Amino acid sequence: MSFRWKARKNGRSNLRRLARNQLLAAIDELEAPFADRADAIHEARLHLKKLRALVRLAREAAPEACKQENAALRDIGRALSTRRDRQAMIDALDKLLRRAEGEWGESAGELAAVRMLRDRFVELQHQESNGTDYEELVEKIVQQLRQAVSRVDDWTLAAGNDRVVSQGFAESYRRGRRALQAVLAGATVENLHEWRKQIKYHRYQVRLFQAAWPTILKAHYAELKRLSDLLGDDHDLVVLDLAIRTGGAAELGAEALDGVHCLIERRRDELQAEAVPLGRLLFAEKPKRLTERFMRYWCAYRDTDRGQA
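Conventions and cut-offs
Residues numbered from 1 in each chain as written. Predicted model: local features only at pLDDT ≥ 70, side-chain atom pairs only at ≥ 80, totals over all residues. Heavy atoms only, no water. Helix = DSSP H or I, 4+ residues; strand = E, 2+ residues; numbered from the N terminus. Rg over C-alpha atoms; globule rule 2.2 N^0.38 Å. Buried < 20%, exposed > 50% of the residue type's maximum accessible area, 1.4 Å probe, protein only. Contact = heavy atoms within 4.5 Å. Lys, Arg positive; Asp, Glu negative; His and termini not counted. Charge placed at Lys NZ, Arg CZ, Asp CG, Glu CD. Phe/Tyr/Trp six-rings, centres within 6.5 Å; stacked < 30°, edge-to-face > 60°. Lys NZ or Arg CZ within 6 Å of the ring centre and 35° of its normal. Expected span 1.5 Å × (residues − 1). Polar contact = N/O pair within 3.5 Å; in protein donor to acceptor, adjacent residues only side chain to side chain. Salt bridge = Lys/Arg side-chain N within 4 Å of Asp/Glu carboxyl O. pLDDT = per-residue confidence, 0-100. Core = buried A, V, L, I, M, F, W, Y, C linked by side-chain atoms within 4.5 Å. Axes fitted to C-alpha atoms, helices over the stretch in contact; angles between N-to-C directions. Parallel < 35°, antiparallel > 145°, perpendicular 65-115°, else oblique. Nonpolar A, V, L, I, M, F, W, Y, C, P; charged D, E, K, R; others polar.

**Things to note about the overall build of the chain**
Helix and strand counts for the chain come out as 10 helices and 0 strands. Counting from the amino terminus, the chain carries its helices and strands in the arrangement α-α-α-α-α-α-α-α-α-α. Against the 2.2 N^0.38 benchmark of 19 Å for 309 residues, the chain shows a C-alpha radius of gyration of 21 Å, consistent with a compact globule. Out of the 309 residues belonging to the chain, those deemed buried represent 47%. Counted over contacts in the chain with a minimum sequence separation of 6, partners at least 24 positions apart contribute 79%. Measuring between centres, the 55 positive side-chain charges of the chain sit 10 Å from its 47 negative side-chain charges.

What follows is the structure, encoded as structure tokens:
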């Protein structure tokens, strides 16, 4: 499915088309009869994140309607995230194991603890995925997504031109810069998580306009994705560490779990050491200047595209 702005459509038309596409795609993922449950939830959550990036493009024109819509979509995403967290922890353990084996050369004892913990979480995921509560959750979420489809016209009504969209684009980037400054002042779990969220919204908005200059903007998008992935890996390790420390696998023994905790902290330090310098580059421009640059690209592309019609 194409997630891009169309040059021959106005802001309202583009937002409505893209928003409905993301909602219907999320519904299709969850209702697919033979889909892997973890994959279906993951893909549905990605569609919701793109949708929330779209809502942010309209919020300067309809702040209250967009605020309410964002809250509704956030709650849907949270309901799905409880199912996603277990798979995220398993993926984090896989990455940690590869790092410990290939880059760090950890002892057999440390590696064994990671493997045992992974086996434990796989077992727990299997137990959870076999319950009937998954079907009940999907039914409830799909109903909420269909209601969201019916509300698309409401929050997009005032977004009739590209000027409104450019204001929303600038504000999303501005929030990303503010979140980076908070991280530089103190790289707390909360600050890193907030920065990651703002990066995702900005990244998906950049993707909308890639067609204007693919060589430049695809590279820019790719670096934003790399930054988001680094912080995503960091966040997954935080979730994993919390699960360990709240008794998620106490039967493995305190010594083994302390060893895994040390590996987690080591990897988090590496991820942040790579993410912060990259983020400073990607958010170096002031919001007005970056937005004007992107809009100039887009206007040049749009005029050329319309001239060829």
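**Section: the packing of aromatic side chains**
Tallied over the entire structure, the rule returns 9 aromatic pairs. Taken together, a centroid distance of 6.4 Å and an interplanar angle of 85° make the contact between phenylalanine 3 and tyrosine 204 edge-to-face. One end of the pair, phenylalanine 3, is in the segment before helix H1 (11-31); the other, tyrosine 204, is in helix H7 (residues 189-208), with 201 residues separating them in the sequence. One aromatic cluster is present, built from ring pairs that chain together Trp5, Phe169, Phe209, Trp213, Phe294, Tyr297, Trp298 and Tyr301. The ring of phenylalanine 3 has lysine 50 sitting right over it, with the charged end atom 5.4 Å from the ring centre. Above the plane of the ring of tyrosine 201 lies arginine 56, whose end atom (NZ or CZ) is 3.7 Å from the centre.

**What about H1?**
For H1, built from 21 residues, the straight-helix expectation of 30 Å at 1.5 Å per residue is met to within 8% by its first-to-last C-alpha distance of 30 Å. Taken residue by residue, H1 has Gly11, Asn14, Leu15, Arg16, Leu18, Ala19, Gln22, Leu23, Ala25, Ala26, Ile27 and Leu30 as its buried positions. For H1, the secondary structure elements touched by its buried residues are helix H2 (37-58), helix H3 (63-104), helix H5 (133-156), helix H6 (162-185) and H7. The backbone nitrogen of arginine 12 lies 3.3 Å from a side-chain oxygen of the residue at the head of H1, namely asparagine 10.

**Observations regarding the side chain of arginine 52**
Tracing the sequence through the fold places arginine 52 in helix H2. In this structure, arginine 52 is buried with no salt-bridge partner, the nearest side chain bearing the opposite charge being aspartate 75 at 8.1 Å. Setting aside residues up to four positions removed in sequence, arginine 52 forms contacts with Asn70, Leu73, Arg74 and Tyr201.

**Digging into the pattern of salt bridges**
Taken as a whole, this structure holds 26 salt bridges when the rule is applied. Across the salt bridge formed by aspartate 153 and arginine 20, the nearest N and O atoms sit 2.4 Å from each other. Placement of aspartate 153 in helix H5 and of arginine 20 in helix H1 is noted, with a sequence separation of 133 residues between them. Relative accessible area serves as the criterion here: at 34%, aspartate 153 is assigned to the partly exposed category. With its nearest N and O atoms 3.4 Å apart, the salt bridge here joins aspartate 75 to arginine 74. Several salt bridges converge on common partners, so that one network encompasses Glu171, Arg174, Arg175 and Arg178.

**Here we look at the environment of aspartate 153**
Once the C-alpha coordinates of aspartate 153 and arginine 16 are considered, the two residues, 137 residues apart in sequence, prove to be 6.8 Å apart. Leave out the neighbours within four places in its chain, and aspartate 153 touches Arg16 and Arg20.

**Some words on the confidence of the model for the chain**
Reading predicted coordinates in detail is not appropriate for stretches of low pLDDT. Here the chain averages 92 in pLDDT, while 96% of its residues score no lower than 70. Summarising per-element confidence for the chain, the mean pLDDT is lowest in helix H4 (residues 108-129) (83) and highest in H7 (98).

**What to know about the nonpolar core**
In this structure, Leu54 and Leu240 are the most contacted members of the largest nonpolar core, which totals 92 residues. Looking at this core, the element that brings in the most residues is H3, giving 12 residues.

**Considerations on the environment of arginine 99**
Tracing the chain through its elements places arginine 99 in helix H3. Classification of arginine 99 as partly exposed rests on a relative accessible area of 26%. Setting aside its immediate chain neighbours within four residues, arginine 99 contacts Trp104, Arg267 and Glu270.

**Here we look at the packing of H3 against helix H8 (residues 214-245)**
Put simply, H3 and H8 touch, their axes get as near as 9 Å, and they point 105° apart. On the basis of the axis angle, H3 is roughly perpendicular to H8. In contact with Asp85, Ala88, Met89, Ala92, Leu93 and Lys95 of H3, H8 contributes Asp233, Asp236, Leu237, Val239, Leu240 and Ala243. Looking at the contact of H3 with H8 residue by residue, the classes come out as 8 nonpolar, no polar and 4 charged.

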